[in-house]
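Structural overview
Here is what each chain is made of, one letter per residue.
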Amino acid sequence: MASVGCDDGVVRFFDNRSPDSLLPFIKLDVPAVSKGMGFFDSVKNSSASYYQNPFDITSIAHDTSGLYMAAGTAGGLVALYDVRSSKPLHVKEHKHGLPIHTIKFHPGSGCLLSSDEKLIKIWKYRSTGDLVNNDAVEVSLNSSAKVSSSDIFGGSNTKGLGAVIANVESSDKFSNFIMGGDEKDPTGNRSGLLLCTTDQPKLEAYYIPKVGLAPSWCSFLE
């Protein structure tokens, strides 16, 4: 099965085992379920090409079970789906109205990470995860960065669907990110170390204990 995010705001699913493999067997219409949402209308630079169609799908991701899918748009929305339903479980708005370029599921914490060039938002896609450390505090390893935790300001509400665990902001432009793993967790699915690429030569690193543990090679962070 393949999923494709299209410039009309629809995510189409194809099954190459089907005789009609060129025809999508599922369509998820993001504009239809997020009308009136988002912040792209308030962005001054409306002449930028990506604001001509704010519902253009700019990023998609699936979780390891294959049941959850998230789609990011050019207008800064992230729609979370159970692929068995055409109605999204949750739609998250990034405050800058910028294109979502990277989405990753983190099954260890039950979190979804979504990023535009100014902000990485970490929020719940399911109420529980395999591993959440609730006692530690977020640590930025970059002096120019800002990490804010909704667990500090939002109390116990952070355990629900869509609840924001942390926002990571930088003076540089984010272009991608991964979770740093180790030999026991090479995919970083249980890690709390966020490694980000920006428009600067060096990686930016953030340790967020509420997402996961530190990899063994930097266990001094715990």
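Per-chain numbering applies: the sequence of each chain, read as written, is numbered from 1 onward. The predicted nature of this model means local features are confined to residues of pLDDT at least 70 and side-chain atom pairs, given and counted, to a pLDDT of 80 or more, with totals for whole chains, interfaces and linings taken over all residues. Remark: hydrogens and water are excluded; side-chain values derive from all non-hydrogen atoms of the structure.

Let us now look at the overall build of the protein. Counting from the N terminus, the helices are DSSP H or I runs at least four residues long and the strands are E runs at least two residues long. When helices and strands are tallied, the protein shows two helices and 16 strands. Buried, partly exposed and exposed residues are distinguished by accessible area as a fraction of the type maximum, computed with a 1.4 Å probe on protein chains only: under 20%, between the cut-offs, and over 50%, respectively. Looking at the protein as a whole, 50% of its 222 residues are labelled buried. Between two residues, a contact is recorded if the distance between any of their heavy atoms is within 4.5 Å. If you take every contact in the protein between residues at least 6 apart in sequence, the share linking residues at least 24 apart comes to 48%.

All right, on to the pattern of salt bridges then. A pairing counts as a salt bridge when a side-chain nitrogen of Lys or Arg comes within 4 Å of a carboxyl oxygen of Asp or Glu. Applying the stated rule across the entire model yields four salt bridges. The shortest N-O distance in the salt bridge between aspartate 8 and arginine 12 comes to 2.9 Å. Of the charged contacts in the structure, one is a salt bridge between arginine 17 and aspartate 15, with a shortest N-O distance of 3.0 Å. Residue classification places arginine 17 among the exposed residues on the basis of a relative accessible area of 72%. We classify aspartate 15 as buried; its relative accessible area is 18%.

In this description, strands pair whenever DSSP reports at least two bridges between them. As summarised here, the arrangement of the three strands in space is E1-E2-E3, forming an open sheet in which the pairing is antiparallel. Since the sheet does not close on itself, it has two edges, and those belong to strand E1 (2-5) and strand E3 (26-29), each with one partner. Pairs of neighbouring strands in the sheet enclose a mean axial angle of 15 degrees, with direction left out of account. Pairing between strand E2 (residues 10-14) and E3: four bridges, direction antiparallel. Paired with valine 11 across the strands is leucine 28, a residue of E3. In this analysis, axes come from line fits to C-alpha atoms, helices being fitted only over the stretch in contact, and the angle between any two N-to-C directions falls in the range 0 to 180 degrees.

Among the nonpolar cores identified, the biggest contains 15 residues, and Ile120, Ile122, Val168, Leu194, Cys196 and Ile208 are the most heavily contacted of them. We call a set of buried residues a nonpolar core when its members are Ala, Val, Leu, Ile, Met, Phe, Trp, Tyr or Cys and they connect through side-chain atoms within 4.5 Å of each other. Judged by nonpolar contacts, the second largest core, of 14 residues, contains Val11, Ile57, Leu77 and Ala79.

Our focus in this paragraph is the sheet that holds strand E6 (residues 77-82). Read from one edge of the open sheet, four strands run E4-E5-E6-E7, paired in antiparallel fashion. Each edge of the sheet is formed by a strand with only one pairing partner; in this case those strands are strand E4 (57-62) and strand E7 (90-93). If you compare each strand with its neighbour and ignore which way they point, the axes differ by 15 degrees on average. As judged from the five bridges shared by strand E5 (residues 68-73) and E6, these two strands associate in the antiparallel manner. Of the residues in E6, the one forming a bridge with alanine 70 is leucine 80.

Predicted confidence across the protein gives a mean pLDDT of 83, with 80% of residues reaching 70 or more. pLDDT expresses how confident the predictor is about each individual residue, on a scale running from 0 to 100. Taken together, the stretch residues 151-158 has pLDDT below 50 and engages in eleven contacts with residues farther than four places along the chain or on a different chain.

Take the pairing of E2 next. For E2, the tally of buried residues reaches four of five residues, placing the bulk of the element in the interior. Where E1 lies against E2, four bridges are found, and the strand directions are antiparallel. Bridge assignment links valine 4 to a residue of E2, and that residue is arginine 12. Hairpin connection between E1 and E2: a loop of four residues separates the two successive antiparallel strands, and glycine 9 in this loop has a positive phi of roughly 85 degrees.

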